[in-house]
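Structural overview for review
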Amino acid sequence: MTVTIGERRVEAAAGQTVLEALLRAGVWMPNSCNQGTCGTCKLQVVAGAVDHGDSPLDTLTPDERAAGLALACQARPCGDTEVALRGDVAGRTTHPLRDLVATVVAVEDVARDTRRILLGLDEPLAFSAGQYVELVVPGSGARRAYSLANTADEDKVLELHVRRVPGGVASDRWLFGSVAVGERVRATGPLGDFHVPATEEDDGEPMVLIGGGTGLAPLVGIVRTALERHPGREVLLFHGVRGRADLYDVGRLEELAGAHRGFRFVPVLSEEQGTPHRTGFPTDAFLDDVPSARGWSGWLCGPPPMVEAGVRAFKRRRMAPRLIHREKFTPADDQES
Ligand code: FES
């Protein structure tokens, strides 16, 4: 069966979602959580029909279903189907979604309950800095999303920052438990729209990035890419954590700041006083440091309350909404499966 969007028609294998069929064919679709929770991939079914699968009612209401809307990441075509997006965005190309096989090459404890895991890929992966992959958890078949911390030219390695979630089937039992160097890992990627713009769309505007905990991961890849393109660019990166024990990659980022006069890295501790670091919340540190963010782009990755506070802070400093990019951590790893 086929899925048509604008001028593009792609084959959909049995069981594939509309999103998966399009991304695997290299056709861009807005997407973020791939779990039916964010609504980013909502589209209009123009012809044919889809099975809405597990689409949650609070993301896709009964009225929306009746009006022919669907969540591309949950809906499976029931035959030849035509879909459309709102806005003039259909048909752009993207890095094709692929099944990946990799080998664990390094497991490093970098901070309290935080690990860096490096996976060596059998085949290079085309992606944009800031995107994520889904790992298949051995023995359970569950999938968990992890942002990539590397840049697109490091295409034979996946750098993941993992926070332990007590009881989590992926982080606690596997990536903080049984995982071993040499283990073979299955994954799918790249996914997500939280990424640095294409080179030709990047005009070198000033950037501010705020990450909470391992929300730092995609920001590292984005910052390094942005500075490689425009070495003198003004870039401000805030990393919010609870205490010093949660900080990581400080030396790496300070080294980057030493090589780029326009780049500043600011760790911010929310639950610790009497340290040389800033204290409080990273969004407040941004408000203190930046009187106007007009013309800047903003990047937020972390727990939903931090991301929402960041959006409010960016708007208070007059950042254009279209230049605000956000990635909320989803609570999938809290689930048992
Ligand atoms: Fe489909 Fe989030 S609801 S990507």
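It should be noted that the structure appears before, not after, this text.
Parameters and conventions
Once a new chain begins, its residue numbering starts again from 1 and follows that chain's sequence as written. Whole-chain, interface and lining totals are the exception, using all residues; otherwise, since this is a predicted model, local features are given only for residues with pLDDT of at least 70 and side-chain atom pairs are given and counted only at 80 or more. Side-chain metrics in this entry use all non-hydrogen atoms of the structure; hydrogen atoms and water are not considered. Buried Ala, Val, Leu, Ile, Met, Phe, Trp, Tyr and Cys residues that are joined via side-chain atoms within 4.5 Å together make up what is termed a nonpolar core. Under the scheme applied here, a residue whose accessible area is under 20% of the maximum for its type counts as buried, over 50% as exposed, and between as partly exposed, the area being computed with a 1.4 Å probe on protein chains only. Secondary structure elements follow DSSP: runs of H or I no shorter than four residues count as helices, runs of E no shorter than two count as strands, and numbering proceeds from the N terminus. Contact between two residues is taken to exist if any of their heavy atoms lie within 4.5 Å; hydrogens are not considered. By the convention used here, strands pair only if DSSP detects at least 2 bridges between them.

Glancing now at the nonpolar core. Taken as a class, soluble globular proteins show a tendency for nonpolar side chains to be buried jointly. Judged by nonpolar contacts, the single largest core of 28 residues is most densely connected at Val3, Ile5, Val18, Leu22, Met29, Leu43 and Ala72. Per-element tally for this core: the top contributor is helix α1 (residues 18-24), with five residues. In contact with Ala72, other than residues within four places in its own chain, are Thr17, Val18, Leu19, Met29, Cys41 and Leu43. Within the second largest apolar cluster, 26 residues are counted, among which are Leu209, Leu247, Val250 and Leu256.

This part covers the sheet that holds strand β18 (residues 297-302). An order of β17-β16-β15-β14-β18-β19 is seen for the six strands of this open sheet, with the pairing classed as parallel. Across the chains shown, the open sheet's two edge strands, defined by having one partner strand only, are β17 (278-279) and β19 (324-328). Pairing of strand β15 (residues 235-241) with strand β16 (residues 263-269) involves seven bridges; the strand directions are parallel. Residue pairing across strands places His239 opposite Pro267, the latter belonging to β16.

Our next topic: the side chain of Ser128. Mapped onto the elements, Ser128 comes out in the loop between β9 (114-121) and β10 (132-136). Leave out the neighbours within four places in its chain, and Ser128 touches His95, His195 and Val196.

Moving on, we come to the pairing of strand β13 (residues 184-191). Counting buried positions over the eight residues of β13 gives six, a clear majority of the element. In terms of strand pairing, strand β8 (residues 98-111) meets β13 through six bridges, oriented antiparallel. Looking at the pairing, Asp99 lines up with Thr188 of β13. As defined by bridge partners, β10 adjoins β13 across three bridges and the pair is classed as antiparallel. Note on β13: the bridge partner recorded for Leu135 is Ala187.

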